[in-house]
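# Tertiary structure, described
Listed below, chain by chain, are the residues.
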Amino acid sequence: MIKEIHDKAGSLTDYAGYFLLVFCWYFLDNIYTSMQPIFPGNSIEILVGWLYRLFLIPLLLAGVYGGIRGQQRTRDILSESTFLNGIKTYYWRIVLANLLTLVFLLVITIVTGALGWSEQADFGDNIPLMALIYIPYSAITLLWFAGIVMKRKVFPGLMLGLKTLFTNPLALAIGIVWGTVSFADTFLFDLQNDPTPLA
């Protein structure tokens, strides 16, 4: 299986540029999160934060997912053209998917509150409940964005992502590990900074 993946996608070292790009973004995002609130009591900061989550993060996701997909086809190394083509092709699709995931989280928050599952004033302080929601959410969105790149459509991409997640043990394991690490970073390591979950 490893040989087959290598033959189709190439060596992991071919994607080092994307890994470095994501690491740099992740590092800067954590610095930004640790500095909040920059302007306490200013509603503009809240608006900027949501705009960042809704529109800037999908810019990176579209470039990385689309660039990796383009690189698999051409076997070229990371280049400006593959990254920008990924943004051009997939950006608005990933923005829509990102918006839908936030609506889903909002609905889940309302439902769990109405059912009395979270009796605490701060919903984010209920760590077991947040883990139950956030880990599957992260695993699904990880493969949903990949499915969008494969299918070039939002909802068929979701169906492909779910199918891959539940029928491929390796994809399921990667999804669980990704969801767990993302959850731990967002709700445990940075809990004192009251971060907003990434979509």
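Since the structure is predicted, the reported quantities are computational estimates derived from the model, not experimental observations.

## Topic: the packing of aromatic side chains
The tally for this structure, following the rule as stated, stands at 4 aromatic pairs. Residues Tyr134 and Phe183 carry aromatic rings whose centres are separated by 6.3 Å and whose planes lie at 45° to one another, so their mutual orientation is tilted. Of this pair, Tyr134 sits in helix H5 (residues 127-151) while Phe183 sits in helix H7 (residues 169-189); the two residues are 49 residues apart in sequence, bridging distant segments of the chain. Among the residues examined, Phe183 registers a relative accessible area of 6% and is labelled buried. A network of ring pairs unites the aromatic residues Tyr134, Tyr137 and Phe183 as a single cluster.

## With respect to the nonpolar core
Leu61, Ile94, Ala97, Trp144, Phe145 and Ile148 are the most contacted members of the largest nonpolar core, which has 20 residues in total. Counting only elements with at least two residues in this core, the list comes to helix H3 (43-74), helix H4 (80-114), H5 and helix H6 (154-167). The next biggest cluster of nonpolar side chains, apart from the first, holds 12 residues, and it includes Leu129, Tyr134, Ile135 and Tyr137.

## Some points on the side chain of Ser182
Position of Ser182 relative to the elements: it lies in helix H7. Exposure remark for Ser182: the relative accessible area of 14% places this residue in the buried category. Engagement of the side chain of Ser182 in a polar contact is seen with the side chain of Tyr134, the distance being 3.2 Å. Dropping the residues within four chain positions of it, Ser182 is found in contact with Tyr134 and Ser138.

## Overview of the packing of H4 against H5
When two helices pack together, their arrangement is captured by the angle between the axes and the distance separating the axes. At their nearest, the axes of H4 and H5 sit 11 Å apart, and the two run at 160° to each other. Here H5 runs roughly antiparallel to H4, going by the angle between their axes. For H4 against H5, the interelement crossing comes out right-handed. Here H4 contributes Tyr90, Arg93, Ile94, Ala97, Asn98, Leu100, Thr101, Leu105, Ile108 and Thr112 to the contact with H5, which in turn contributes Leu129, Ile133, Tyr137, Thr141, Trp144, Phe145, Ile148 and Val149.

## Regarding the confidence of the model for the chain
Residues with a pLDDT of 70 or more make up 68% of the chain, whose mean pLDDT is 76. The secondary-structure element of the chain with the lowest mean pLDDT is helix H1 (residues 2-9), recorded at 44, while H6 shows the highest, at 92. Below a pLDDT of 50 lies the segment residues 1-9, which in the model reaches 9 contacts outside its immediate sequence neighbourhood of four places, other chains included.

Basis of the calculations
- Residues numbered from 1 in each chain as written.
- Predicted model: local features only at pLDDT ≥ 70, side-chain atom pairs only at ≥ 80, totals over all residues.
- Heavy atoms only, no water.
- Phe/Tyr/Trp six-rings, centres within 6.5 Å; stacked < 30°, edge-to-face > 60°.
- Helix = DSSP H or I, 4+ residues; strand = E, 2+ residues; numbered from the N terminus.
- Buried < 20%, exposed > 50% of the residue type's maximum accessible area, 1.4 Å probe, protein only.
- Core = buried A, V, L, I, M, F, W, Y, C linked by side-chain atoms within 4.5 Å.
- Polar contact = N/O pair within 3.5 Å; in protein donor to acceptor, adjacent residues only side chain to side chain.
- Contact = heavy atoms within 4.5 Å.
- Axes fitted to C-alpha atoms, helices over the stretch in contact; angles between N-to-C directions.
- Parallel < 35°, antiparallel > 145°, perpendicular 65-115°, else oblique.
- Left-handed = near helix turned anticlockwise from the far one by under 90°.
- pLDDT = per-residue confidence, 0-100.

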